[in-house]
Amino acid sequence: LQLQIEQLSSRNPTAKYHGILQAVQCIFREEGLTAFWKGHVPAQFLSIGFGAVQFMAFESLTELVHKVTSFNTRDSFVHLVCGGLAACTATVAVQPVDTLRTRFAAQGEPKIYPNLRHAVVTMYQKEGPRTFYRGLTPTLVAIFPYAGLQFFFYNILQKFSKYVIPAETKNGASVKNLVCGSCAGVISKSLTYPLDVVKKRLQVGGFEHARAAFGQVRTYGGLLDCMRQIMREEGPGGFFKGLSPSLLKAAFSTGLIFFWYELFCSLLCAMKSPENTKRKEG
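Please read all numbers here as calculations on a predicted model, not as lab measurements.

With that settled, consider the overall build of the protein chain. For the protein chain, the helix and strand inventory stands at 9 helices and 0 strands. Helices and strands in the protein chain line up, N terminus first, as α-α-α-α-α-α-α-α-α. The C-alpha extent of the protein chain, read off along each of the three principal axes, is 70 × 40 × 40 Å. A burial count over the protein chain gives 44% of its 282 residues as buried. Within the protein chain, counting contacts between residues at least 6 apart in sequence, those at least 24 apart form 73% of the total. Total accessible area computed for the protein chain in this model is approximately 15,900 Å², and 66% of it derives from carbon and sulfur atoms.

Per the counting criterion, the structure on display carries 12 aromatic pairs. Put simply, the rings of Phe55, Phe58, Phe151, Tyr154, Phe258 and Tyr261 touch in pairs and so form one group of aromatic residues. Over the aromatic face of Tyr146 sits the side chain of Lys189, whose NZ or CZ is 4.8 Å from the ring centroid.

The parts lose accessible area when they come together, and the size of an interface is often stated as this lost area. Each domain of the protein chain was delimited in the assignment, giving domain 1 (1–37), domain 2 (39–133) and domain 3 (135–240). Distance from the C-alpha centre of domain 2 to the C-alpha centre of domain 3: 14 Å. Listed per partner, the contact involves 31 residues of domain 2 and 25 residues of domain 3. Summed over the shared surface of domain 2 and domain 3, the result is 1 salt bridge. The partner of Lys199 in a salt bridge is Asp98, and the shortest N-O contact between them spans 3.1 Å. At the boundary of domain 2 and domain 3, one finds 9 residue pairs in polar contact (both at pLDDT 80 or more). Every element with two or more residues in the side of domain 2 that touches domain 3 is listed here: helix H2 (40–68) and helix H3 (76–106). For the side of domain 2 that touches domain 3, the element with the highest residue contribution is H3, accounting for 19 residues.

To continue, consider H3. In a regular helix each residue adds 1.5 Å, so 31 residues correspond to 45 Å; H3 covers only 37 Å between its end C-alpha atoms and thus falls short of that length. Along H3, the largest kink reaches about 65 degrees and is centred on Val94; proline Pro96 follows within four residues of it. With 22 of its 31 residues buried, H3 lies for the most part within the structure. Backbone nitrogen of Phe77 and a side-chain oxygen of the N-cap are separated by 3.0 Å at the start of H3; the cap is Asp75.

Now for the UniProt feature "repeat: Solcar" (unreviewed entry) in the protein chain. UniProt records the feature "repeat: Solcar" (unreviewed entry) at residues 1–64, 74–160 and 172–267, using the numbering of this structure. Secondary structure across residues 1–64 divides into 58% helix and 0% strand, with the first and last C-alpha atoms of the span separated by 41 Å. Spanning residues 74–160, this segment combines 78% helix with 0% strand, and its end C-alpha atoms are found 14 Å apart.

Moving on, we come to the environment of Ile257. Within the element layout of this structure, Ile257 appears in helix H8 (residues 243–271). Linking Ile257 and Leu178, residues 79 residues apart in sequence, is a C-alpha distance of 8.3 Å.

Following the UniProt record, the feature "transmembrane region" (unreviewed entry) maps to residues 132–153 and 250–270 here. When the span residues 132–153 is considered, its composition is 82% helix and 0% strand, and the gap between its end C-alpha atoms is 32 Å. With 100% helix and 0% strand, the stretch residues 250–270 has end C-alpha atoms that lie 30 Å from each other.

Moving on, we come to the confidence of the model for the protein chain. For the protein chain, the mean per-residue pLDDT works out to 85, and 94% of the residues sit at or above 70. Here helix H9 (residues 274–281) is the element of the protein chain with the lowest mean pLDDT, 55, and helix H7 (residues 223–234) is the one with the highest, 92.

Here we take up the nonpolar core. Ranked by size, the top nonpolar core spans 15 residues in total, and within it Phe58, Cys82, Phe151 and Tyr154 carry the most contacts. Of all the secondary-structure elements, those providing two or more residues to this core are H2, H3, helix H5 (136–164), helix H6 (170–203) and H8. Residues lining this core come from more than one domain, with at least three contributed by each of domain 2 (39–133) and domain 3 (135–240). Phe151 has contacts with Gln54, Phe55, Phe58, His79, Gly83 and Phe258, leaving out every residue within four places of it along the chain. Ile5, Ala142, Leu223 and Ile230 belong to the second largest nonpolar core, which has 12 residues in total.

Calculation rules
- Residues numbered from 1 in each chain as written.
- Predicted model: local features only at pLDDT ≥ 70, side-chain atom pairs only at ≥ 80, totals over all residues.
- Heavy atoms only, no water.
- Helix = DSSP H or I, 4+ residues; strand = E, 2+ residues; numbered from the N terminus.
- Buried < 20%, exposed > 50% of the residue type's maximum accessible area, 1.4 Å probe, protein only.
- Contact = heavy atoms within 4.5 Å.
- Areas by Shrake-Rupley, 256 points an atom, 1.4 Å probe, with all protein chains shown as cover.
- Phe/Tyr/Trp six-rings, centres within 6.5 Å; stacked < 30°, edge-to-face > 60°.
- Lys NZ or Arg CZ within 6 Å of the ring centre and 35° of its normal.
- Domains from an automatic or database assignment.
- Salt bridge = Lys/Arg side-chain N within 4 Å of Asp/Glu carboxyl O.
- Polar contact = N/O pair within 3.5 Å; in protein donor to acceptor, adjacent residues only side chain to side chain.
- Expected span 1.5 Å × (residues − 1).
- Bend = angle between axes of the 7 residues up to and from the residue.
- UniProt positions renumbered as here; feature names shortened; annotations may be inferred.
- pLDDT = per-residue confidence, 0-100.
- Core = buried A, V, L, I, M, F, W, Y, C linked by side-chain atoms within 4.5 Å.

In structure tokens:
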């Protein structure tokens, strides 16, 4: 939906996709069930790499703030800045995998790239190493506020939940982390979504021939040119194409990320607690 130039409406006869349900039916009918997992392998590498670098950088930055400044590391503003910087670090580290993921998801039939190795070799030989960093500028511009706002709103919602649920069980804490993470993901994605559309459009640059079966294609000269063309041809609504499925994804993925992160942190803390240490020594 993000890559479609035509209006997302059944009233437009040239539009391939109109909405979530129609797109699901169309993809399943034309490409089969496995099409919903296009780019799944690079997406897994992306998730592992991005998550590891982001949280490692976040913990390191908050620790640095605690040591060299007078700011309270539990403050929402500190989480906003550290979360944004951590995400920028992770983005630079895994951007090539993100581009590969988008290319695999965007290609039609017959496939241009049959597997990950072929995609890497072909892109490198035909487009050069810089192609793996297509869309990096809008990604960095978007990821700082997106991830920063995730940590910011997660921190605020966690504080707010303490007033709503003063006494909590362990199970209650896990559900609370899941809900707070989901809400933070939806809010931050909504506020930064237009730049995500621009990023996807730029990542498939030089790949237009593989998109011919899906409708019109465009070539963009960069971030500003892409924004100008979208505004001129598609209007303000063009920046919000595919928002509904993106919000569903943000709610589930962000909620689960914070849920598992907090759970594993709690487990590690429990393993390092004095009582456990005494038991091991005993």
